[in-house]
Amino acid sequence: MRTQVAIIGAGPSGLLLGQLLHKAGIANVIVERQSPDYVLGRIRAGVLEQIAVDLMDECGVGARMHREGLVHEGIELLFKGKRHRIDFPGLTGGKTVMVYGQTEVTHDLMDARKAEGLPTVYEVGDTVTLHGFDGTSPKVRYRKDGVEHEIECDFIAGCDGYHGVSRASVPKGAITEYEKVYPFGWLGLLADVPPVFHELIYANTERGFALCSMRSKTRSRYYVQVPLTDKVEDWSDDAFYDELGRRLDPEARERLVRGPSLEKSIAPLRSFVAEPMRFGRLFLAGDAAHIVPPTGAKGLNLAASDVKYLSSAFVEHYKEKSNAGIDHYSARALARVWKAERFSWWFTQLMHRFPDSGEIGQKLQEAELDYLVQSKAASTALAENYVGLPL
Ligand code: APR
Ligand code: PHB
């Protein structure tokens, strides 16, 4: 098989890239380890910056998002038992975010790809190998149903997430990895109950962090910070709701509706960046190159900006016969990545209970939060990062 861009991974990065390239008349094939249902079963964040919303529109898949997504104009910060609102449009000159689950984003992109008849090879397991990306004719090989296949291409896009084969195929000496693992996890619960509040609540409490998020007006997504030693089996739904309630203010606690969990899982928190994001004719995008802790919901949005830069670079290469975009891809993407890494790290530090920081740690966080909600400059810094820094 021959194509222009071989894409590894059918998560949001790979699917968005495939769609943008197709719109520009650039042929692409996606190879994915799992089945479509497996990919759709992974529950992840659901807050889109305007840049991600625009990209969905550019891909021609924005209709359902505009119909069913919820435009949010602020978030609430809960600390010392009281809630304080951060007003996005007021602080950022009119900007907002869109609450629309990553599962739905993936669903819409998969449907569009299928409708256009674009080639996607699912369920190849761990058989993918990358060849010759340091030369001029890279190849991707995989095995499907016992048969070996080879894709000849001009470029390989590694959109295969943190555990993917693309980053792992780069010689160790050519890549630098920066990593921080946080000493706690997020226990998340998804349920068909109305959200406690119409905006997201981020809570700093002496018992640890909590987040009240949502997927729609009838589906809630809640999280509580837990020790990494906790097992999801040890948390009944009732125990979860009891603990979440203890971390909320009395009004929110009163409004908390309980319902059976549709999904419940514990996710570790990590900051990670791999530099550079280009190796000859191999380009990394999304979680393959970087991970943020979920506080601030930047993961999917960073994937979107990488893909925007990368698709523009390929379009420039094929249509304008210029390699400038390709040559600048890594530096451009990383400049935005590091700013989102910094924001996610800062927001995580501010909102969580750290095992070793003690009472003074809690007091210092509360002082910073007090300052944050009283100072227009500090609130603006939070708001402009939350709605997304410019491309
Ligand atoms: N071969 C083929 N496909 C692979 C391989 C492999 N060896 N390894 C991983 N994959 C696939 C995974 O099965 C997954 O479907 O690559 C895809 C990567 O998708 P994501 O992990 O969702 O990463 P990405 O598309 O970059 O999306 C970033 O996802 O993890 C969240 O917070 C993150 O919201 C952000 C978004
Ligand atoms: C979510 O809805 O899953 C979510 C929202 C905001 C975050 C993290 C996760 O900061």
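Residues numbered from 1 in each chain as written. Chains lettered and ligands numbered in written order. Predicted model: local features only at pLDDT ≥ 70, side-chain atom pairs only at ≥ 80, totals over all residues. Heavy atoms only, no water.

1. What to know about the pattern of salt bridges
Stated precisely, the cut-off is as follows: A side-chain nitrogen of Lys or Arg and a carboxyl oxygen of Asp or Glu constitute a salt bridge if their distance falls within 4 Å. Remark: exposure states derive from per-residue accessible area (1.4 Å probe, protein chains only) relative to the maximum for the residue type, with buried under 20%, exposed over 50%, and partly exposed in between.
Per the counting criterion, the structure on display carries 28 salt bridges. With its nearest N and O atoms 2.6 Å apart, the salt bridge here joins Glu 150 to Arg 141. Taking the relative accessible area as the measure of exposure, Glu 150 reaches 28% and is therefore partly exposed. Across the salt bridge formed by Glu 243 and Arg 247, the nearest N and O atoms sit 2.8 Å from each other. Several salt bridges share partner residues, and in doing so they unite Arg 64, Glu 68, Glu 104 and Asp 108 into one network.

2. Side note on helix α10 (residues 299-319)
To keep it simple, the criterion reads: Helix and strand labels come from DSSP, where a helix needs a run of H or I of at least four residues and a strand needs a run of E of at least two; each type is numbered from the N terminus. By this rule, a helix spans an expected 1.5 Å times one less than how many residues it contains.
Between the first and last C-alpha of α10 there are 30 Å, a value that for 21 residues agrees with the 30 Å anticipated at 1.5 Å per step. Trailing α10 by a residue or two, Lys 321 shows a phi angle of about 55°, which is positive.

3. Quick look at the site of ligand 2
This is how it is decided: When we say a residue is near a molecule or strand, we mean one of its heavy atoms is within 4 Å of it. Counting of polar contacts relies on pairs of N or O atoms within 3.5 Å, with two restrictions inside protein: one atom must be capable of donating a hydrogen and the other of accepting it, and residues adjacent in sequence are counted only when both atoms are side-chain atoms. Surface accessibility follows the Shrake-Rupley procedure with a 1.4 Å probe radius. Residue values consider only the protein chains on display as shielding. Residues are grouped as follows: nonpolar covers Ala, Val, Leu, Ile, Met, Phe, Trp, Tyr, Cys and Pro; charged covers Asp, Glu, Lys and Arg; every other residue, Gly included, is treated as polar.
Neighbouring residues of ligand 2: 15 residues in total, closest Tyr 202, Ser 213, Arg 215, Tyr 223 and Pro 294. The backbone of Gly 296 places a nitrogen or oxygen atom 3.0 Å from an oxygen atom of ligand 2. Ala 297 is positioned with one of its backbone polar atoms (N or O) 3.3 Å from an oxygen atom of ligand 2. Surface burial for ligand 2 is 99%, taken as the share of its 280 Å² of free accessible area covered by protein chains. Among the elements of the structure, β14 (200-203), β15 (210-214) and β16 (220-226) are those that each provide at least two residues to the shell around ligand 2. Within the shell around ligand 2, the residues separate by chemical class into nine nonpolar, four polar and two charged.

4. Observations regarding the pairing of strand β11 (residues 147-152)
The following threshold applies: Any two strands between which DSSP finds at least two bridges are classified as paired.
Direction of pairing for strand β10 (residues 139-144) relative to β11: antiparallel, over a ladder of six bridges. Each bridged residue has a counterpart across the sheet, and for Lys 139 the counterpart in β11 is Glu 152. In sequence, β10 turns back onto β11 through a hairpin of two residues, with Asp 145 there showing a positive phi of about 50°.

5. Describing the pairing of strand β12 (residues 155-158)
The alternating pattern of β12 places Phe 155 and Ala 157 on one face and Ile 156 and Gly 158 on the opposite face, and all of these are buried. Judged from the four bridges that link them, strand β1 (residues 5-8) and β12 form a sheet pairing that is parallel. Paired with Ile 8 across the bridge in β12 is Gly 158. In this sheet, strand β19 (residues 282-284) lies alongside β12 in parallel orientation, the contact comprising three bridges. In the strand pairing of β19, Gly 158 is matched with Leu 284.

6. Examining the side chain of Ser 375
Note on placement: Ser 375 falls in the loop between α12 (358-374) and α13 (376-387). Taking the relative accessible area as the measure of exposure, Ser 375 reaches 14% and is therefore buried. Separated by 3.0 Å, the side chain of Ser 375 and the backbone nitrogen of Ala 378 make a polar contact.

7. A look at α13
Each α-helix winds once per 3.6 residues, and so residues spaced three or four apart point in a common direction. Over its twelve residues, α13 runs 16 Å from end to end, which matches the ideal 16 Å to within 8%, given 1.5 Å per residue. Regarding α13, the residues found buried are Ala 378, Ser 379, Thr 380, Leu 382, Ala 383, Asn 385, Tyr 386 and Val 387. Phi for Gly 388, located one or two positions after α13, is positive at around 110°.

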